[in-house]
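Descriptive analysis of the structure
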Amino acid sequence: MGITGTDPLGRLRLGVNIDHVATVRNARGGSYPDPVRAAELAQAAGADGITAHLREDRRHISDADIDALMAALSLPLNLEMAATDEMQAIALRHRPHAVCLVPEKREERTTEGGLDVAREENRLAHFIAPLAEAGCRVSIFIAAEPAQIEAAARIGAAVIELHTGAYCDFHADGDLAARDAELERLREMAAYAHALGLEVHAGHGLSYDTVQPVAALAEVVELNIGHFLIGEAIFRGLDPAIREMRRLMDAARAR
Ligand code: PXP
């Protein structure tokens, strides 16, 4: 069973993003807390895959973390990365189960906005071809916009991941009308992408308060969640934090 592709259980898959375990480690240097240990705990708690973002500036996950995760994990690894030559070479060396292409700016705190596939269609088509040939499922992290979805389909991506950051931000700001409009956009675009033959994932900024309406979108087959879970783990431990997310996802799906 892979984190992408047909899941025989038919349940919504959870990819746990462990970047911020590395953030805490890097605050002091040294070797703990260890992202591999977090990945193993996440698996025991019901994660279907592990997601790690190797950023250009290596602010959290390091090259050595990717080596260690590839060696230790029995779950599929979803490697998030910018569409650069350096990252392509790393992905081709490791051949992770999935590669998710994200936009990256050095000055941003987290991934802001989706990749502009429509603007970079030609370059990205050439960029993803060797990754797909190497057996990686290529996913593109995009805003819920028809032009981006159509471009992702045209360049031959297997998967799109819809950016849920705006939906979560509106929720946090208490702008419920804007939040609900964004959720409607996510719903429509998930259906549109699915109709074009793309597998649909979603993620960014999701928490216990925001996960269920996204989990209920029928075409979405995988959620990738990190920052909230690692934060929540400080208070209740990583295993219970993930189990509660799993429970909420499954409950939303069962309705
Ligand atoms: N999906 C993608 C493509 C991301 O870039 C990130 C953040 O690295 C996530 C999901 C997870 O977001 P968060 O850490 O806010 O849950």
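Residues numbered from 1 in each chain as written. Predicted model: local features only at pLDDT ≥ 70, side-chain atom pairs only at ≥ 80, totals over all residues. Heavy atoms only, no water.

Comments concerning the overall build of the protein chain
Cut-off, in case you're wondering: Secondary structure is summarised from DSSP: a helix means a run of H or I of at least four residues, a strand means a run of E of at least two, and numbering begins at the N terminus for each. C-alpha atoms define the radius of gyration in this analysis, and the globule rule sets the expected value at 2.2 Å times the number of residues to the power 0.38. Relative accessibility decides the category of a residue: with a 1.4 Å probe and only protein chains considered, values under 20% of the type maximum give buried, values over 50% give exposed, and everything between is partly exposed. Per-residue accessibility takes into account occlusion by the displayed protein chains alone, with areas from the Shrake-Rupley method and a 1.4 Å probe. As used throughout, the charge tally considers Lys and Arg to be positive and Asp and Glu to be negative, leaving His and the chain termini uncounted. For charged residues, the charge sits on one atom: NZ in Lys, CZ in Arg, CG in Asp, CD in Glu.
A count of helices and strands for the protein chain gives eleven helices and eight strands. For 255 residues, the compact-globule estimate of 2.2 N^0.38 gives 18 Å, and the protein chain sits close to it at 17 Å. With the principal axes as the frame, the protein chain shows a C-alpha extent of 45 × 40 × 40 Å. Burial statistics for the protein chain: of 255 residues in total, 51% are counted as buried. About 11,200 Å² of surface is accessible on the protein chain, with carbon and sulfur atoms providing 52% of the total. Averaged over its 26 positive side-chain charges, the protein chain has a centre that lies 3 Å from the centre of its 39 negative ones.

Comments concerning the pairing of strand β8 (residues 220-225)
The condition is simple: Here, any two strands with at least 2 DSSP bridges between them count as paired.
Burial within β8 is extensive, with five of its six residues counted as buried. By the bridge criterion, four bridges tie strand β1 (residues 13-17) to β8 in an arrangement that is parallel. Bridge assignment links Val 16 to a residue of β8, and that residue is Ile 225. As paired elements, strand β7 (residues 199-203) and β8 share four bridges and run parallel to each other. Residue pairing in the sheet places Val 200 in a bridge with Val 220 of β8.

Examining the pairing of strand β6 (residues 159-163)
Put simply, the test is: Crossovers are described as right-handed under a simple rule: with the strands pointing away from the observer, the path leading from the first strand over the helix to the second runs clockwise.
Most of β6 sits out of view: five of its five residues are buried. Residues of β6 alternate between two faces, with Val 159, Glu 161 and His 163 on one and Ile 160 and Leu 162 on the opposite face, all of them buried. When strand β5 (residues 137-142) meets β6, the two strands line up parallel, connected through four bridges. Residue pairing across strands places Phe 141 opposite Glu 161, the latter belonging to β6. The β-α-β motif built from β5, the intervening helix α6 (residues 146-154) and the parallel element β6 has right-handed crossover chirality.

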